[in-house]
Amino acid sequence: MASPKVAVVGAGVIGLSTALCIKETCPSCSVTVLSDQFSPNTTSDVAAGMLIPYTYPDTPIHRQKQWFKETFAYLFAISNSAEASEAGIHLVSGWQVFKSTPKEELPFWSDIVLGFRAMSEAELLKFPRHQFGQAFTTLKCDCPPYLLWLQKRLKATGTQMYTRKVADLWELHGEYDIVVNCAGMGAHQLVGDKQLFPVRGQVLKVHAPWVKHFIRDGDGLTYIYPGIHRVTLGGTREEGSWSLTPDTGTTREIFDRCCSLEPSLQGAQYIEVKVGLRPSRHCVRVQREVLSQGGLKLPVVHNYGHGAGGFSVHRGTANEAAHLVGECISALQGSSSRAKL
Amino acid sequence: MRVAVIGAGVIGLSSALCIHEQFHGLVPSLELEVYADHFTPHTTSDGAAGLWQPYLSDHGNLQETLWNKETFDYLLGHLHSPEAKEMGLYLISGYNLFTEPVPDPSWKNIVLGFRNLTPKELELFPGYSYGWFNTAMMLEGRSYLPWLTNRLTQRGVKFFHKKVESFQELFSQGVDVVLNCSGMRAGALQPDPELQPGRGQIIKVLAPWVKHFIITHNLNSGIYNSPYIIPGREFTVLGGIYQHGNWSEENSAKDHNSIWDSCCRLLPPLQKAKIVGEWSGLRPARRSVRLERESFRLGNLQGEVIHNYGHGGFGITIHRGCAMAAARLFGRILQEKQQPGTPPGPRL
């Protein structure tokens, strides 16, 4: 197989980073990205893109840690290069605060982020309703810039990108040798995965350039994430809700919760409301599969179900998916050379 | 009682406010006036980035460390007030970088979360092997000075756009007490060989992805002669110039290149930042802040001067502590001036 043809379905952070990893590990592959949405209309564009991992209940911790470590290292290098502003990647420091001391004071990722430590008494004075906190420095991937930068890197490798709604992976059989499913929430329909469910998140994007720190309540519901031009205020975690329509009551409520963590947000302006459906699963599906139908075979690599933690592990799962694509190619080459005999 | 403040930078305006807040109720005849030839946005305080951070060492000057602490605590207390935005006040964290280990600074317990940098953090800054991380505050002069001006105007304090040539000039007009907050030009009012310009130049850029201050130190070249990056609300300040004895307020191309090259080396993403301005200013440098009383007697003219100048590159950092100290000196003057025959006022 001289030049395997790989189709990547999905153009959010997972699809684009997976396509890039595939191209990096297999330069002779021809990679095409197919998606019904591109930036600025993907779920990734709604997310703040903070590198603070979400713990998946059913993925082994060492694997999540490896994914996070690879992602952090990759972005860390870009953040300190001349490309950082174009890629939308920057360091940000801040605090995660808890109303009562959590059972696990040291999360699995505490040695990967920078300068992780417990907050001092003096620092906690800023949060009178919170008893415990963690201070650290991490990275943020602003979207659309990060997605546009990934697209630019892909175009430079000759990767084509098309707006196309793929209703069935078998549509791609014949056109492509391998299909990579990074469809996020779309995988619910595309591959009928009933373990995948939406967790609706509503956020506000506001202009408050004096906010230089992130603040996150350990319950994961209230957060303030300063980006390059906008601060993301969140949020909600509504399991099973498919609604993409902003709710005005929720907007008010998010704003109030964030102002109680950071009173200066009262002066924030130009409030924009966005909604995204976190493509949630108890474990991220990074897996190889060979679909079969009437004697035909279609190698598929799945990389979806990142829920609330997509940005934190995107590069790590993209690396793993690219590795699985490599295995698919070897398998195809093996079977094609057997066919030649 | 007529009180004239010379200077409308952060020192002059904050001293005026402290005095008015504390004594307006006690001295019904108190008339406060501010005289300056430059007002915001044309003062030295307007050019400063506005980061609260003292010099590395207080050289045993504990008084100044206490004034710095008083200022920090005062500002921290205002962080959550509705005024904070108008004041230009907000929290900021960042890095101080060195090429060798140094003793902890006098202010390590004043700021929040002071700690040494980890090896991984130092990877961000090749060439620097040691450093600190802490959370401090920004108080942007371009916002704080108008806020002070509004508070003073509301209180009926009068402003005069005028260059005062001498203390006598004011005393002969009937002023009783002069607050000399003339900063760099104090020497024109009264020679002071200890007061020298510490010329600085800065480049203003748009780099909104920078969320931390980064201040490097070169123990051989002295304070602020090593690149620094301080992100504000609207733009980021790049600097690293401290020229002792240089009175020029003209931007120098050589300094521009030095700042630009060294800051881009420190933070490569800055190469893509858009330059939106440049400014030079003179830090009113002195071995120690001159904060003291002086009595004047010239013929039948007499008056009191409270000097409050020489804050170098830490005026914003120390301003409130000095303003309160100046107000205490004013209180003592009032005590001494209590006229016989009038009912004694509250002990000051």
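Residues numbered from 1 in each chain as written. Chains lettered and ligands numbered in written order. Predicted model: local features only at pLDDT ≥ 70, side-chain atom pairs only at ≥ 80, totals over all residues. Heavy atoms only, no water.

Worth spelling out the cut-off: UniProt positions are given in the numbering used here, feature names are shortened, and annotations may be inferred rather than shown by experiment.
Chain B has the name D-amino-acid oxidase in an unreviewed UniProt entry, where Cisticola juncidis is given as its organism. The Cofactor (unreviewed entry) field of the UniProt record for chain B holds the comment "FAD". On record in UniProt, under Sequence similarities (unreviewed entry), the comment for chain B is "Belongs to the DAMOX/DASOX family."

In the annotation of an unreviewed UniProt entry, the entry for chain A reads D-aspartate oxidase, and the organism field reads Cisticola juncidis. According to its UniProt record, chain A has this under Cofactor (unreviewed entry): "FAD". UniProt, in its Sequence similarities (unreviewed entry) section for chain A, records the words "Belongs to the DAMOX/DASOX family."

## Some remarks on the overall build of chain A
Selection criterion: In this description a helix means any DSSP run of H or I spanning at least four residues, a strand means any run of E spanning at least two, and both kinds are numbered starting from the N terminus. Only protein chains enter the area calculation, which uses a 1.4 Å probe; residues under 20% of their type maximum are buried, those over 50% are exposed, and those in between are partly exposed. Only heavy atoms matter for contacts: two residues are in contact if any of them lie within 4.5 Å across the pair. A 1.4 Å probe and the Shrake-Rupley method give the accessible areas. Residues count as covered only by the protein chains that appear here. Positive charges come from Lys and Arg alone, negative charges from Asp and Glu alone, with His and the N- and C-terminal ends not counted. A single reference atom marks each charge: NZ on Lys, CZ on Arg, CG on Asp, CD on Glu.
Secondary structure summary: chain A contains nine helices and 15 strands in total. Across its three principal axes, chain A shows a C-alpha extent of roughly 75 × 40 × 40 Å. Counting the 341 residues in chain A, one finds 58% classified as buried. Partitioning the intrachain contacts of chain A with sequence separation of at least 6 by distance along the chain shows that 76% fall at a separation of at least 24. Summed over its atoms, the accessible surface of chain A is roughly 13600 Å², and 53% of this surface lies on carbon and sulfur atoms. Taking the 34 positively charged and 30 negatively charged side chains of chain A as two groups, their mean positions are separated by 3 Å.

## As for the sheet that holds strand β2 (residues 31–36) of chain B
Residues and elements named next belong to chain B. For clarity, the threshold we go by: Any two strands with at least two DSSP bridges between them are considered paired. Only the stretch in contact is used when fitting a helix axis, every axis being a line fitted to C-alpha atoms; angles between N-to-C directions are given from 0 to 180 degrees.
Pairing in this open sheet of six strands is mixed, and the strands run β6-β2-β1-β7-β15-β14 from one edge to the other. In the strand order of this sheet, the two ends are held by β6 (158–161) and β14 (290–298), each with one partner. Each strand of the sheet is rotated relative to its neighbour by a mean of 20°, with strand direction disregarded. Across the face of the sheet, helix α1 (residues 10–23) comes into contact with β1 (2–6), β2, β6, β7 (177–180) and β15 (301–309) while running at roughly 180° to β2.

## Thoughts on empty space enclosed by the protein
Our working definition: Put plainly, a pocket is an open set of points on a 1 Å grid over the protein atoms alone with protein on both sides within 12 Å along at least five of seven lines, a cavity is a set where a 1.4 Å probe fits but cannot get out, and a lining residue has an atom within 4 Å of a point. Grid points are joined across faces, edges and corners, and a volume is the space filled by probe spheres set on the points. Each residue is assigned to one of three groups, with Ala, Val, Leu, Ile, Met, Phe, Trp, Tyr, Cys and Pro labelled nonpolar, Asp, Glu, Lys and Arg labelled charged, and all others, Gly among them, labelled polar.
Going through the model one piece at a time under the given rule, you end up with five cavities of 30 Å³ or more. By volume, the largest cavity is sized at about 190 Å³. In this structure, the largest cavity is lined by 15 residues; those nearest its centre are S79 and L91 of chain A together with H212, I214 and L267 of chain B. Going through the elements one at a time, β3 (89–98) of chain A together with β9 (212–216) of chain B are the ones with two or more residues in the lining of the largest cavity. Considering every element that reaches the lining of the largest cavity, the biggest residue donor is β3 of chain A, with three residues. Broken down by class, the residue content of the lining of the largest cavity amounts to 10 nonpolar, four polar and one charged.

## Looking at the interface of chain A and chain B
Put simply, the rule is: What counts as buried area is the accessible surface, traced by a 1.4 Å probe, that two parts surrender upon association, with contributions from both included. We count a salt bridge whenever a side-chain nitrogen from Lys or Arg sits within 4 Å of a carboxyl oxygen from Asp or Glu. Two N or O atoms form a polar contact when they lie within 3.5 Å of each other; inside protein one atom must be a possible hydrogen donor and the other a possible acceptor, and for residues adjacent in sequence the pair counts only when both atoms belong to side chains.
Across the contact, 34 residues belong to chain A and 29 residues belong to chain B. Note on chain A versus chain B: buried area summed over both sides is about 2900 Å², and carbon and sulfur give 63% of it. Counting the surface chain A buries against chain B, the share from its top three residues, N80, W210 and K212 of chain A, is 23%. For the interface between chain A and chain B, the tally reads zero salt bridges. Here chain A and chain B share eight residue pairs in polar contact (both at pLDDT 80 or more) between them.

## Observations concerning the pattern of salt bridges
Residues and elements named next belong to chain B. Applying the stated rule across the entire model yields 38 salt bridges over all chains. Two residues, E33 and R2, come together in a salt bridge whose shortest N-O distance is 3.0 Å. Placement of E33 in strand β2 and of R2 in strand β1 is noted, with a sequence separation of 31 residues between them. Under the relative-accessibility criterion, R2 is labelled buried at 18%. A salt bridge links R115 to E121; its shortest N-O distance comes to 2.8 Å. Of the two residues examined, R115 and E121, each falls in the buried class. A network of salt bridges, in which partner residues are shared, links E140, R142, R233 and E234.

## Some thoughts on the state of the cysteines
In protein structure, a disulfide is the covalent linkage between the sulfur atoms of two cysteines. Just so we agree on the cut-off: For the purposes of this analysis, a disulfide is any pair of cysteine sulfur atoms at a distance within 2.5 Å.
Applying the stated criterion across every chain, the model contains one disulfide over all chains. For C26 of chain A, the disulfide goes to C29 of chain A, at an S-S distance of 2.3 Å. Disulfide C26 of chain A-C29 of chain A: torsion about the S-S bond near 85°, hence right-handed. A single burial state applies to C26 of chain A and to C29 of chain A, both of which are buried. Looking at C263 of chain B, it has no disulfide partner, and the nearest cysteine sulfur is the one in C264 of chain B, 7.2 Å off. Given the relative accessible area of 0%, C263 of chain B is considered buried.

## Digging into the UniProt feature "binding site: D-serine" (unreviewed entry) in chain B
Residues and elements named next belong to chain B. Sequence positions flagged by UniProt for "binding site: D-serine" (unreviewed entry) are, in local numbering, Y228, R283 and G313. With respect to the helices and strands, Y228 occurs in strand β10 (residues 228–231). Filtering out sequence-adjacent residues up to four positions away, Y228 remains in contact with I202, I214, I215, V237, L238, G239, G240, C263 and R283. In this fold, R283 is placed in strand β13 (residues 274–285).

## As for the UniProt feature "binding site: D-dopa" (unreviewed entry) in chain A
Residue and element names in this part refer to chain A. This chain's UniProt record puts "binding site: D-dopa" (unreviewed entry) on Y223 and R278. Along the chain, the position of Y223 falls in strand β10 (residues 223–226). Other than its neighbours up to four places away in sequence, Y223 contacts V203, I215, R216, T232, L233, G234, G235, C258 and R278. Secondary-structure assignment places R278 in strand β13 (residues 269–280). R278 has contacts with M185, F197, P198, V199, R200, G201, Y223, T236, R237, G307 and A308, leaving out every residue within four places of it along the chain.

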